[in-house]
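Close look at the chain arrangement
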Amino acid sequence: MPAQPKETLEKILALLGFPSTVDEHKMDDGILLDVKTEDAGRLIGRQGQTLADLQYVTNRLLFQQDPSAPKAMLDVGGYRAQAREALVKRAQEGAEKVRRWGDAVEMEPMNAFDRRVVHQALKDDPDIETHSVEVEGTDKKAILLRPRH
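Here we summarise the structure given alongside this text. Note that this is a predicted model, so its numbers are computed, not measured.

Our focus in this paragraph is the overall build of the protein. Helix and strand content of the protein: five helices and six strands. Tracing the protein from N to C terminus, the helices and strands come up as α-β-β-α-α-β-α-β-α-β-β. In terms of overall dimensions, the protein has C-alpha extents of about 50 × 30 × 30 Å along its principal axes. When burial is assessed residue by residue, the protein has 35% of its 149 residues classed as buried. Taking the intrachain contacts of the protein between residues at least 6 apart in sequence as the baseline, contacts between residues at least 24 apart amount to 55%. A total accessible area of about 9,500 Å² is found for the protein, and carbon and sulfur atoms account for 51% of it.

The structure is reproduced here in structure tokens:
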């Protein structure tokens, strides 16, 4: 049985007590499930953590239904798009510091999704290389921006 991303997420949200509607959009690397709800702040959570957890659970359920299901990305009220733009801007500012001073710049600890955004944003920059590095005492990693030799 093929996975039903929109229906699966709507059912999860209903069971959690979040009245909402979900729009499904096809993307190059999966699908975007855009949630519209009155209670966006609670659904996003602190620094997007609740949204990230909900995305993880949704993808696990979809994969169980159909191992070939496309990866679902969740967004609430454009939060991810805005956060992604801000993250790319910080990555570019960090790269500019590396170019100007020649020293490595370490970005804040972040989850795998956000690290991927930074790596993608700077992958074509001929002057900068990016590396994920462990952050002691946390399960997150930071990104180190260095001059490319």
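Let us look at the pairing of strand β3 (residues 72-76). In terms of residue burial, β3 counts as a mostly covered element, since five of its five residues are buried. The alternating pattern of β3 places A72, L74 and V76 on one face and M73 and D75 on the opposite face, and all of these are buried. One ladder, built from five bridges, connects strand β2 (residues 30-37) with β3; its direction is parallel. The residue bridging L32 from the neighbouring strand is M73, located in β3.

Attention now goes to the packing of helix α1 (residues 5-16) against helix α3 (residues 49-65). Two elements in contact, α1 and α3, have axes separated by 10 Å at closest approach and are oriented at 130°. The orientation of α1 relative to α3 falls into the category oblique. For the crossing formed where α1 meets α3, the hand is right-handed. Across from P5, T8, L9, I12, L13 and L16 in α1, the residues of α3 making contact are L54, T58, L61, L62 and Q65. Per-class residue counts for the contact of α1 with α3 are eight nonpolar, three polar and no charged.

So, how was this worked out
- Residues numbered from 1 in each chain as written.
- Predicted model: local features only at pLDDT ≥ 70, side-chain atom pairs only at ≥ 80, totals over all residues.
- Heavy atoms only, no water.
- Helix = DSSP H or I, 4+ residues; strand = E, 2+ residues; numbered from the N terminus.
- Buried < 20%, exposed > 50% of the residue type's maximum accessible area, 1.4 Å probe, protein only.
- Contact = heavy atoms within 4.5 Å.
- Areas by Shrake-Rupley, 256 points an atom, 1.4 Å probe, with all protein chains shown as cover.
- Pairing = 2+ DSSP bridges.
- Axes fitted to C-alpha atoms, helices over the stretch in contact; angles between N-to-C directions.
- Parallel < 35°, antiparallel > 145°, perpendicular 65-115°, else oblique.
- Left-handed = near helix turned anticlockwise from the far one by under 90°.
- Nonpolar A, V, L, I, M, F, W, Y, C, P; charged D, E, K, R; others polar.

Keep in mind these values describe shape, not function.
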